[in-house]
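# Observations on the three-dimensional arrangement
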Amino acid sequence: MKLAKPKVLVIVANLGTPDAPTEVAVRRFLKQFLSDGRVIEIPKFIWQIILHAFVLPFRPKRVAHAYAQVWLKDSPMREILLQQTSLLKQQLIAQNPTLDLHLVPAMTYGQPGITQVLQDAEQQKYDQIILLPLFPQYSATSTAPLYDAVAKWIPTQRNLPALTIIRDYYQHPAYIQALADSVIRFQQEHGYAEKLLMSFHGIPQPYADKGDPYAERCRVTAQKVADALNLTDDQWQISFQSRFGKQEWVKPYTDQVLQDWAAQGVKSVQIMSPAFSADCLETLEELALQNAELFMQAGGQSYQYIPALNSDAAHIEFLAELLQANLDPLSTTFKAI
């Protein structure tokens, strides 16, 4: 009797994006995103008052304007996620002929939503589900909400599949090399700068104080990239961006570093963000545009943004390698049968 191939679902997940660069769509997205207790740890009752009285009435218009500056046919993050998933699908299905392998994109907030993806999976009777959060450095503010979505789904299932969540990959050698190679290629085309700034999305300092390992993982990633590029300490620095609210966030702050460098006479800067697997509002608008203007106004002369890894061949090859390590045991077991 011929056995059916093991049916495996790989979910490739990123944070999320609005459906359109409009005030209405951005308000809907921000309401979902900022209502997550993982993202905002202020007591829910108090935060809901602040959110509905002070944030949602005003912030969506400003954020929608920012999205409009980087929006193409769709949100950059969603376009890139779809590309990444498609390329991974082509490669992994070809590598795993003994598996009935399916790959789908998902987002924690917005569309395609992780909740709907999991509900759709219920009808397919998968033997195994592998979740790949595209957050190189684990944080309770980004990766953990995907764990929460899976945890909410599990009690609704009777015939549960095997479940694997790839927590993060902040110091994987292939990831570090892909980042370093992206800098080398950029510099070969555009020349060198006095300083390389590795800017990571920030989190509130109290979150780190409570045990979130994100900031320390970012520092490890940055140091390993600097080592791969043979940079001396005075040629690079780490920083954290995208502060929200008035509380202290992990330091140093990206905008402050750039202003300090300009005041010290630094004329040329290249900046990258190894926390992002796909370019998005925080890279294309905040890093590439806002901070460029800030640096130039403070006295800088040259500011260049090095794109995220996106659908770069080395990035896709690395992600495929990461997933393949979790597919091999199932494939080997099936061959043995």
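Being a predicted model, the structure only gives us computed values, none of them experimental.

## A few points about helix α5 (residues 114-122)
If you check which residues of α5 are buried, you get Ile114, Val117, Leu118 and Ala121. An end-on view of α5 places all buried positions within 95° of arc, on one side of the element. For α5, the secondary structure elements touched by its buried residues are β1 (7-16), β2 (100-109), β3 (128-133) and α6 (144-153).

## As for the domain arrangement of the chain
Domain boundaries in the chain define domain 1 (7-169 + 313-334) and domain 2 (173-305). On a C-alpha basis, the centres of domain 1 and domain 2 stand 24 Å from each other. Contact with domain 1, which involves 32 residues of that partner, is made by 24 residues of domain 2. Carbon and sulfur atoms make up 65% of the area that domain 1 and domain 2 hide from each other, which totals about 2,300 Å².

## Observations regarding the side chain of Ser277
Among the structural elements, Ser277 can be located in the loop between β7 (268-272) and α11 (281-297). A polar contact of 3.5 Å, which involves the side chain of Ser277, links it to the side chain of Asn14. Each residue touching Ser277, except ones within four places of it in the same chain, is listed here: Asn14, Gln84, Leu134, Tyr169, Ala308, Leu309, Asn310 and His315.

## Comments concerning the pairing of β7
Within β7, five of the five residues are buried, which leaves it mostly tucked inside the rest of the structure. Judged by which residues are buried, β7 turns out to be covered on both faces: Ser268, Gln270 and Met272 on one side and Val269 and Ile271 on the other are all buried. When β7 meets strand β8 (residues 302-305), the two strands line up parallel, connected through four bridges. The partner of Ile271 across the bridge, within β8, is Tyr305. You can see the chain leave β7, run along α11 and come back into β8, and the turn it takes is right-handed.

## Side note on the layout of surface pockets
If you add up the space inside the second largest pocket, you get close to 550 Å³. Together, 27 residues line the second largest pocket, and Gln32, Thr108, Ile114, Thr115 and Ala149 are the ones closest to its centre. Ranked by residue count, the leading element in the lining of the second largest pocket is α5, at six residues. Of the residues that constitute the lining of the second largest pocket, the class distribution is 10 nonpolar, 11 polar and six charged.

## Considerations on the packing of aromatic side chains
The final tally for this structure, using the stated rule, is 10 aromatic pairs. Among the aromatic residues, ring-to-ring pairing joins Phe29, Phe33 and Tyr109 into one connected group. We note Arg167 situated over the ring of Tyr138; from NZ or CZ to the ring centre the distance is 4.2 Å. Sitting above the plane of the Tyr253 ring, Arg243 keeps its charged end 3.8 Å from the centroid.

## Considerations on the pattern of salt bridges
Pairing between side chains of opposite charge can happen when their charged atoms approach one another. Applying the stated criterion to the full structure yields 11 salt bridges. One salt bridge connects Arg185 with Asp312, and the closest N-O pair in it is separated by 2.8 Å. Highlighted residues: Arg185 in helix α7 (residues 173-190) and Asp312 in the loop between β8 and α12 (313-336), separated in sequence by 127 residues. Taking the relative accessible area as the measure of exposure, Asp312 reaches 22% and is therefore partly exposed. Each of Asp19, Arg28, Asp74 and Arg78 takes part in a single network of salt bridges with overlapping partners.

## A word on the environment of Gln259
For Gln259, the position within the fold is in helix α10 (residues 254-263). C-alpha separation for the pair Gln259 and Gly300, spaced 41 residues apart in sequence, amounts to 8.7 Å. The residues contacting Gln259, other than those within four sequence positions of it, are Leu294 and Ala298.

## Overview of the UniProt feature "binding site: Fe(2+)" (unreviewed entry) in the chain
Under the feature "binding site: Fe(2+)" (unreviewed entry), the UniProt entry names His201 and Glu282. These annotated residues cover 82 residues of sequence, and their C-alpha atoms all fall within 8.0 Å of one another, placing them together at a single site. Within the secondary structure layout, His201 lies in strand β5 (residues 195-201). What makes His201 partly exposed here is its relative accessible area of 24%. Once you skip the residues sitting within four places of it in the chain, His201 turns out to touch Tyr214, Phe240, Gln241, Ser242, Trp249, Ala275, Phe276 and Glu282. By the secondary structure assignment, Glu282 is in helix α11. The class of Glu282 is partly exposed, set by a relative accessible area of 24%. If we skip the residues at most four places from it in the chain, Glu282 touches His201, Gln241, Ser242, Phe276 and Leu287.

## Focus: the sheet that holds strand β4 (residues 162-165)
Reading across from one edge, β2-β1-β3-β4 is the order of the four strands in this open sheet, with parallel pairing throughout. A strand with exactly one partner marks an edge of an open sheet, and here the two such strands are β2 and β4. Pairwise comparison of adjacent strand axes, ignoring direction, gives a mean angle of 20° for this sheet. Relative to β4, β3 is paired through four bridges, and the arrangement is parallel. Bridging from a neighbouring strand, Leu131 pairs with Ile165 of β4. In the packing of helix α1 (residues 23-34) onto the sheet, the strands contacted are β1 and β2, and the crossing angle to β2 comes to about 95°.

Parameters at a glance
- Residues numbered from 1 in each chain as written.
- Predicted model: local features only at pLDDT ≥ 70, side-chain atom pairs only at ≥ 80, totals over all residues.
- Heavy atoms only, no water.
- Buried < 20%, exposed > 50% of the residue type's maximum accessible area, 1.4 Å probe, protein only.
- Helix = DSSP H or I, 4+ residues; strand = E, 2+ residues; numbered from the N terminus.
- Arc of directions from axis to C-beta.
- Contact = heavy atoms within 4.5 Å.
- Domains from an automatic or database assignment.
- Buried area = accessible area lost by both parts, 1.4 Å probe.
- Polar contact = N/O pair within 3.5 Å; in protein donor to acceptor, adjacent residues only side chain to side chain.
- Pairing = 2+ DSSP bridges.
- Right-handed = clockwise from strand over helix to strand, strands pointing away.
- 1 Å grid on protein atoms, 1.4 Å probe; cavity = no way out; pocket = protein on both sides within 12 Å on 5 of 7 lines; lining within 4 Å.
- Points joined across faces, edges and corners; volume = space filled by probe spheres on them.
- Nonpolar A, V, L, I, M, F, W, Y, C, P; charged D, E, K, R; others polar.
- Phe/Tyr/Trp six-rings, centres within 6.5 Å; stacked < 30°, edge-to-face > 60°.
- Lys NZ or Arg CZ within 6 Å of the ring centre and 35° of its normal.
- Salt bridge = Lys/Arg side-chain N within 4 Å of Asp/Glu carboxyl O.
- UniProt positions renumbered as here; feature names shortened; annotations may be inferred.
- Axes fitted to C-alpha atoms, helices over the stretch in contact; angles between N-to-C directions.

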